[in-house]
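Given next are the chains, with one letter for each unit.
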Amino acid sequence: MLVLGIESSCDEMAAALVRDGIEILSSVVRGQVDVHTPYGGVVPELASRDHVRVVSAVVEEAFRTAAVGLEEVDGVAVTAGPGLVGSLLVGLSFGKSLAYRLGVPVVGVHHLAGHLASAELADPDLSAPYIGLVASGAHTSLYRVEEQGAPALLGTSRDDAVGEAFDKVAVLLGLPYPGGPAVSQAATRGRDDAIAFPRPMLNRDGLDFSYSGLKTAVALEVERRGALGEEDVADVAASFEAAAIGVLVARARKAIRAEGLGEVAVVGGVAANRRLRADMARAGRDDGFRVTFPPAELCTDNAAMIASAGTRLLVGGERHGLELNSFSRVPIEAAPWAPTPE
Ligand code: KG4
Ligand code: ZN
């Protein structure tokens, strides 16, 4: 089964062709860094306007790179939420129209189900049940992913997402947008223990996260230091990264123990972070659980993961009509289009 995936929930327009849910024939991602850089963050109205301009070209490029014709597609999978509604609508409208024209079914995919699918797409040995940690610009959530049914939410951020904290710290440190990679790069030159930043929620019960206190602590530290030299930027970045990533690793360890499972899949943009990859792998070795990360290009937003999650829905007989709408906020289990992970 050949499925076209379309993803446009935030500031990336992406299209991919995936065969049988696992073989990526093409995966095109067009970002908008130039559009949002002057503002230090994503401006929703500008994001959707840019999506309108590029959607046809991005989908065309996906077909050209895969060297397949429109008529070979068996179905269309498109992100229906959560995300910026204006951005989502562009991909959704395009996907529905194309499916209608081609006479093939269309399914709406939950963005986080897509991120979780990226782990199974990249690692065929991963098998449910396992712990899925989604660490992105908008979400920090731990799931118990089952063989059947929607993933069960174990814990989530009560305020900012971890990627959002990286992006905000980048602004405080005068580093370029997008902040995650820039902070991570600066951190390589700094000392992790230069500042003892708080590791919120770690002494609390449960598996929730909180990142706004850490962000405020960084803001106060930056204010205290006044004009920042290169060494200040590096030390603050390294100490922040150690705290932010330390919380993710500690929570994943706790989830593994609490659920009695043996595997963690880390997905979402922050899963591209080198420190998270190294520290989580070490925790796995120490505690005896397996850790899997998709390659960096499948961690950040892409359409291959959407095509993969959508393929499962299509194979399961799921069909969504042209009335399918976009949702800015929607829990994974409430979506009528929650996937059944294999
Ligand atoms: O999954 P994603 O592409 O979009 C959302 O669904 O949110 O994640 C984007 C987030 C941004 O906050 C970005 O700063 C962060 O992922 N990110 C990173 C790294 N690469 C991307 N954060 C830390 N270290 C990185 N290397
Ligand atoms: Zn995402």
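These numbers were taken from a predicted model, which means no experiment stands behind them.

## Some points on the coordination of the zinc ion (ligand 2)
Item 1. Ligation of the zinc ion (ligand 2) by protein atoms is provided by H111 (NE2), H115 (NE2) and D301 (OD), these donors lying 2.0 to 2.1 Å from the ion.
Item 2. Angles of 95 to 143 degrees at the metal separate the 4 donor atoms of the zinc ion (ligand 2), which places the site in the irregular class.
Item 3. Each donor residue of the zinc ion (ligand 2) lies on one chain, and together they are spaced H-x3-H-x185-D. Of the two residues, H111 sits in helix α4 (residues 111–122) while D301 sits in the loop between α10 (296–299) and α11 (304–315), which places them 190 residues apart along the sequence.

## Structural notes on the site of ligand 1
Item 1. Near ligand 1 there are 18 residues, and of these G137, D167, G180, N273 and D301 occur at the shortest range.
Item 2. The contact in question runs from an oxygen atom of ligand 1 to an N or O atom on the side chain of S136, over 3.5 Å.
Item 3. Taking A138, its main chain carries an N or O atom lying 3.3 Å from an oxygen atom of ligand 1.
Item 4. Surface burial for ligand 1 is 88%, taken as the share of its 550 Å² of free accessible area covered by protein chains.
Item 5. Listed by contribution, the elements that provide at least two residues to the shell around ligand 1 are α4, α5 (162–172) and α6 (179–187).
Item 6. The element that contributes the greatest number of residues to the shell around ligand 1 is α5, accounting for 3 residues.
Item 7. Among the residues forming the shell around ligand 1, the class breakdown is 6 nonpolar, 10 polar and 2 charged.
Item 8. No fewer than three residues from each of domain 1 (2–115 + 299–334) and domain 2 (127–293) sit in the shell around ligand 1.

## Section: the side chain of R144
Item 1. Residue position: R144 is located in strand β7 (residues 140–145).
Item 2. At a separation of 2.4 Å, a polar atom in the side chain of R144 contacts the side chain of E146.
Item 3. In this view, R144 contacts P129, Y130, P151, A152, L154, E259 and L261; residues no more than four positions away in its chain are not counted.

## Things to note about the sheet that holds strand β10 (residues 290–292)
Item 1. Across the sheet, which stays open at both edges, the 5 strands sit in the order β8-β7-β6-β9-β10 with mixed pairing between neighbours. Bordering the open sheet on either side are β8 (152–156) and β10, each of which pairs with just one other strand. Strand-to-strand twist of the sheet, defined as the mean angle between neighbouring strand axes without regard to direction, takes the value 20 degrees.
Item 2. For strand β6 (residues 130–135) and strand β9 (residues 263–267), the ladder comprises 4 bridges, and the chain directions are parallel. Bridging from a neighbouring strand, G132 pairs with A265 of β9.
Item 3. Running at roughly 120 degrees to β6, α4 makes contact with β6, β7 and β9 of the sheet.

## Some details on the domain arrangement of the chain
How big an interface is tends to be expressed through the accessible area that disappears when the partners come together.
Item 1. Under the domain assignment, the chain is made up of domain 1 (2–115 + 299–334) and domain 2 (127–293).
Item 2. When each unit is reduced to the centre of its C-alpha atoms, the spacing between domain 1 and domain 2 is 27 Å.
Item 3. Taken together, the contact pairs 14 residues of domain 1 with 14 residues of domain 2.
Item 4. A combined buried area of about 1200 Å² lies between domain 1 and domain 2, and 73% of that area is made up of carbon and sulfur atoms.
Item 5. Considering only the surface of domain 1 that becomes buried against domain 2, L112, H115 and C299 emerge as the three largest contributors, covering 45% of it.
Item 6. For the interface between domain 1 and domain 2, the tally reads 0 salt bridges.
Item 7. Going through the elements one at a time, α1 (33–36) and α4 are the ones with two or more residues in the side of domain 1 that touches domain 2.
Item 8. Broken down by class, the residue content of the side of domain 1 that touches domain 2 amounts to 6 nonpolar, 6 polar and 2 charged.

## Focus: the nonpolar core
Across soluble globular proteins, nonpolar side chains have a tendency to be buried as a group.
Item 1. Ranked by size, the top nonpolar core spans 47 residues in total, and within it F197, Y211, F240, L248 and L276 carry the most contacts.
Item 2. Mapped onto this core, the elements with two or more residues apiece are β6, α5, α6, α7 (212–225), α8 (230–259), β9 and α9 (274–287).
Item 3. The biggest single contributor to this core is α8, with 14 residues.
Item 4. V55, A66, V68 and L92 belong to the second largest nonpolar core, which has 26 residues in total.

## Notes on the pattern of salt bridges
Item 1. Across all of its chains, the model carries 19 salt bridges by this definition.
Item 2. Notably, a salt bridge pairs E164 with K168, separated by 3.1 Å at the nearest N-O pair. Placement of the pair is E164 and K168 together in helix α5, with a separation of 4 residues, close to one helical turn.
Item 3. Its relative accessible area of 25% is what places E164 among the partly exposed residues.
Item 4. Each of D160, E164, K168 and K215 takes part in a single network of salt bridges with overlapping partners.

Cut-off values and rules
Residues numbered from 1 in each chain as written. Chains lettered and ligands numbered in written order. Predicted model: local features only at pLDDT ≥ 70, side-chain atom pairs only at ≥ 80, totals over all residues. Heavy atoms only, no water. Donors = N, O, S within 2.8 Å, 3.2 Å for Na, K, Ca; no water. Tetrahedral: all angles 85-135°; square planar, octahedral: opposite > 155°, others 65-115°. Helix = DSSP H or I, 4+ residues; strand = E, 2+ residues; numbered from the N terminus. Near = heavy atom within 4 Å. Polar contact = N/O pair within 3.5 Å; in protein donor to acceptor, adjacent residues only side chain to side chain. Areas by Shrake-Rupley, 256 points an atom, 1.4 Å probe, with all protein chains shown as cover. Nonpolar A, V, L, I, M, F, W, Y, C, P; charged D, E, K, R; others polar. Domains from an automatic or database assignment. Contact = heavy atoms within 4.5 Å. Pairing = 2+ DSSP bridges. Axes fitted to C-alpha atoms, helices over the stretch in contact; angles between N-to-C directions. Buried area = accessible area lost by both parts, 1.4 Å probe. Salt bridge = Lys/Arg side-chain N within 4 Å of Asp/Glu carboxyl O. Core = buried A, V, L, I, M, F, W, Y, C linked by side-chain atoms within 4.5 Å. Buried < 20%, exposed > 50% of the residue type's maximum accessible area, 1.4 Å probe, protein only.

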